[in-house]
Amino acid sequence: MSDAMASRSVQRGTAMLRRLDPAVAASFGCILLLLLLGSLYSRSFLSPEYLLQQLKVASFLGVIATGMMLVILLGQIDLSVPWVVTSGAMMACAVAAHGTTGAVIAIPCGILCGAAIGIVNGIGVAYLRIPSMIITLATNAVAQGLMVAYTGGFAPQDAASRAMRYLATGNAVPGLPNAVLVWAVVGAAAIWMLSRTTFGRSIYAIGNREQAAYLSGIDTRRVTMLAFALSGALSAFGGVLLAGYASKAAQSMGDAYLLPSIAAVVLGGTHILGGRGSYLGTVAGVVLITLLQSILSVMQISEAGRQLIYGAVIILMLLIYGRQKT
């Protein structure tokens with residue numbers, strides 16, 4: 001009896017290994033390698049406090065990358081992330097300045113601002129058939145222009161609300177940052193949506209072949225528009241968290257999240273042409289990129305050197321693991 005159970009356990013383990021995406025496995029392997037390299041330069045690199053801080057920093061990118069993953073699964077791209085992040089942060093802080101009521105609705109207003117930009121992107125891609133690269137670049141430029149006009153070209157003066165700061169820097173659970181909990185909730189919702197709902201399955205179907213999905217009865221235009229709306233909302237939510245972390249919004253605060261959000265999704269095994277990918281891989285990609293940025297800082301490499309190494313490592317990993325057979 002025990003031999004039979006052991007045999008079944010071995011078979012299950014073998015089946016799990018076969019199903020494991022090589023890109024996901026490679027990402028986790030690189031994470032372990034970076035942790036080892038970091039520990040050689042600083043003993044505190046493997047301390048629970050430092051690792052928790054890195055996970056907190058990763059959570060902001062993780063929320064933004066969740067929305068990017070939905071769009072990439074469709075076989076599209078969202079290049080409006082930089083100023084959607086900034087717009088969500090600025091609008092949330094602006095609303096928070098209007099007394100108690102403003103403080104209450106600041107976070108929803110910031111998220112809705114991003115969702116509105118995402119809907120514009122979705123309408124352009126799904127209904128007007130504009131290439132996603134073009135329409136999202138255009139909306140990014142429009143959002144930038146609107147925010148610069150709003151601030152007059154100066155740094156925003158409005159501060160984040162108490163709720164925004166608590167959400168980004170507080171600890172509802174002792175020892176665990178709220179930002180990490182927020183990412184966990186967003187991630188759990190994304191996993192449930194992609195694996196358990198018709199909407200999630202439709203995203204995969206459209207990414208595999210949009211025409212076949214349409215002929216099977218899927219409203220491809222509505223699904224595409226909703227995916228872009230969610231991408232915009234999550235990017236803006238990431239901006240709200242960043243504003244809470246820094247206590248205020250800043251010009252171009254989202255610029256640093258465009259390449260990492262795309263790289264995290266693709267490094268995690270999501271096919272850049274859509275149709276395949278898992279959220280576990282995106283988590284691995286986010287953590288990998290965050291640790292890479294951290295170890296370059298620990299090594300005290302100049303900013304130019306850091307950018308060079310960071311870009312080269314991402315390109316190398318994309319060439320090795322980011323491509324999949326069609």
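Residues numbered from 1 in each chain as written. Predicted model: local features only at pLDDT ≥ 70, side-chain atom pairs only at ≥ 80, totals over all residues. Heavy atoms only, no water.

J.: What am I meant to see in the overall build of the chain here?
T.: If you tally the helices and strands in the chain, you get 14 helices and 0 strands. Listing every helix and strand of the chain by position from the N terminus yields α-α-α-α-α-α-α-α-α-α-α-α-α-α. The C-alpha atoms of the chain give 20 Å as radius of gyration, which agrees with the globular expectation for 326 residues (20 Å, within 12%). Judged by the C-alpha coordinates and their principal axes, the chain covers about 70 × 60 × 40 Å. (Helix = DSSP H or I, 4+ residues; strand = E, 2+ residues; numbered from the N terminus. Rg over C-alpha atoms; globule rule 2.2 N^0.38 Å.)

J.: Can you walk me through helix α5 (residues 99-126) in this structure?
T.: Given 3.6 residues per turn, any residue in an α-helix points the same way as the ones three and four places further on. When the terminal C-alpha atoms of α5 are compared, their 39 Å separation across 28 residues agrees well with the 40 Å that a helix rising 1.5 Å per residue should span. Within α5, the axis deviates most sharply at Ile 105, by approximately 50°, and proline Pro 108 lies no more than four positions further along. (Expected span 1.5 Å × (residues − 1). Bend = angle between axes of the 7 residues up to and from the residue.)

J.: What am I meant to see in the packing of helix α3 (residues 48-73) against helix α8 (residues 178-196) here?
T.: When two helices pack together, their arrangement is given by the angle between the helix axes and the distance between those axes. One can describe the packing of α3 onto α8 by two numbers: an axis separation of 8 Å at closest approach and a directional angle of 20°. As summarised for this structure, α3 and α8 are arranged roughly parallel, according to the angle between their axes. Considering only the axes of α3 and α8, their crossing is left-handed. The segment α3 lies against α8, with Leu 55, Lys 56, Ala 58, Ser 59, Phe 60, Gly 62, Val 63, Thr 66, Met 69, Leu 70 and Leu 73 engaging Ala 179, Val 180, Trp 183, Val 186, Ala 190, Met 193 and Leu 194. Counted by class, the contact of α3 with α8 contains 14 nonpolar, 3 polar and 1 charged residues. (Axes fitted to C-alpha atoms, helices over the stretch in contact; angles between N-to-C directions. Parallel < 35°, antiparallel > 145°, perpendicular 65-115°, else oblique. Left-handed = near helix turned anticlockwise from the far one by under 90°. Contact = heavy atoms within 4.5 Å. Nonpolar A, V, L, I, M, F, W, Y, C, P; charged D, E, K, R; others polar.)

J.: Hey, could you run me through the pattern of salt bridges in this one?
T.: Opposite charge on two side chains makes pairing possible when the charged atoms of those side chains draw close. A full pass over the atoms with the stated rule returns 2 salt bridges. Between Glu 210 and Arg 129 there is a salt bridge whose closest N-O contact spans 3.4 Å. Taken together, the residues span a long stretch of sequence, with Glu 210 in helix α10 (residues 210-215) and Arg 129 in the loop between α5 and α6 (132-151) at a distance of 81 residues. Given the relative accessible area of 26%, Glu 210 is considered partly exposed. (Salt bridge = Lys/Arg side-chain N within 4 Å of Asp/Glu carboxyl O. Buried < 20%, exposed > 50% of the residue type's maximum accessible area, 1.4 Å probe, protein only.)

J.: Whenever I open this one, the side chain of Ser 294 confuses me. Can you help?
T.: As for its placement among the helices and strands, Ser 294 is situated in helix α13 (residues 279-298). For Ser 294, a relative accessible area of 7% puts it in the buried group. Non-local contacts of Ser 294, meaning those with residues more than four positions away in its chain, are made with Phe 45, Tyr 50 and Gln 54.

J.: How should I be thinking about the nonpolar core in this particular structure?
T.: Most often, soluble globular proteins keep nonpolar side chains buried together rather than apart. Met 164, Leu 194, Ile 203 and Phe 237 are the most contacted members of the largest nonpolar core, which totals 78 residues. No other element matches the 11 residues that α3 contributes to this core. Excluding residues that lie within four positions of it along the chain, Met 164 makes contacts with Ala 92, Cys 93, Ala 106, Ile 107, Val 240, Ala 243 and Gly 244. (Core = buried A, V, L, I, M, F, W, Y, C linked by side-chain atoms within 4.5 Å.)

J.: Which parts of the structure should I look at to understand the environment of Asn 171?
T.: Tracing the sequence through the fold places Asn 171 in the loop between α7 (162-169) and α8. Residues in contact with Asn 171, not counting those within four places in the same chain, are Tyr 166, Leu 176, Pro 177 and Asn 178. One polar contact links the side chain of Asn 171 to the main-chain carbonyl oxygen of Leu 176, over a distance of 3.4 Å. (Polar contact = N/O pair within 3.5 Å; in protein donor to acceptor, adjacent residues only side chain to side chain.)

J.: I'm lost on α6 in this one. Help?
T.: With 20 residues, α6 extends 28 Å between its outermost C-alpha atoms, agreeing within 8% with the 28 Å of an ideal straight helix rising 1.5 Å per residue. Of the surrounding elements, those touching the buried residues of α6 are α4 (81-96), α5 and α11 (220-246).

J.: Looking at this model, I keep getting lost on the packing of aromatic side chains. Mind explaining?
T.: Overall, the coordinates contain 1 aromatic pair when judged by the stated rule. Where Phe 60 meets Tyr 245, the ring centres are 5.2 Å apart and the plane angle is 55°; that geometry is what we call tilted. You can see Phe 60 sitting in helix α3 and its partner Tyr 245 sitting in helix α11, a full 185 residues away along the chain. Under the relative-accessibility criterion, Tyr 245 is labelled partly exposed at 35%. (Phe/Tyr/Trp six-rings, centres within 6.5 Å; stacked < 30°, edge-to-face > 60°.)

J.: Can you walk me through the packing of helix α2 (residues 22-41) against α13 in this structure?
T.: Relative to each other, α2 and α13 sit at 20°, their axes nearing to 9 Å. Our classification of the angle between α2 and α13 gives roughly parallel. Judged by the sense of rotation from one axis to the other, the crossing of α2 with α13 is left-handed. In contact with Val 24, Ser 27, Phe 28, Cys 30, Ile 31, Leu 34, Leu 35, Leu 37, Gly 38 and Tyr 41 of α2, α13 contributes Leu 280, Gly 281, Ala 284, Val 287, Leu 288, Leu 291, Leu 292, Ile 295 and Val 298. Split into classes, the residues belonging to the contact of α2 with α13 amount to 16 nonpolar, 3 polar and no charged.

J.: Help me out: how do you make sense of the confidence of the model for the chain in this one?
T.: Atom-level detail of predicted coordinates should not be read off regions where pLDDT is low. Per-chain confidence: the chain averages 87 in pLDDT, with 91% of residues scoring 70 or above. Per-element confidence in the chain is highest for α11, whose mean pLDDT is 96, and lowest for helix α1 (residues 2-19), whose mean pLDDT is 51. (pLDDT = per-residue confidence, 0-100.)

J.: Can you walk me through unusual backbone geometry in this structure?
T.: Excluding glycine, most residues fall at negative phi; most peptide bonds, likewise, are trans. Even without glycine at this site, Ser 247 takes up a positive phi of about 75°. Here Ser 247 falls in the partly exposed class, since its relative accessible area comes to 33%. The backbone phi angle of Ser 252 is positive, close to 60°, even though this residue is not glycine. Tracing the backbone shows Ser 252 in the loop between α11 and α12 (258-267).

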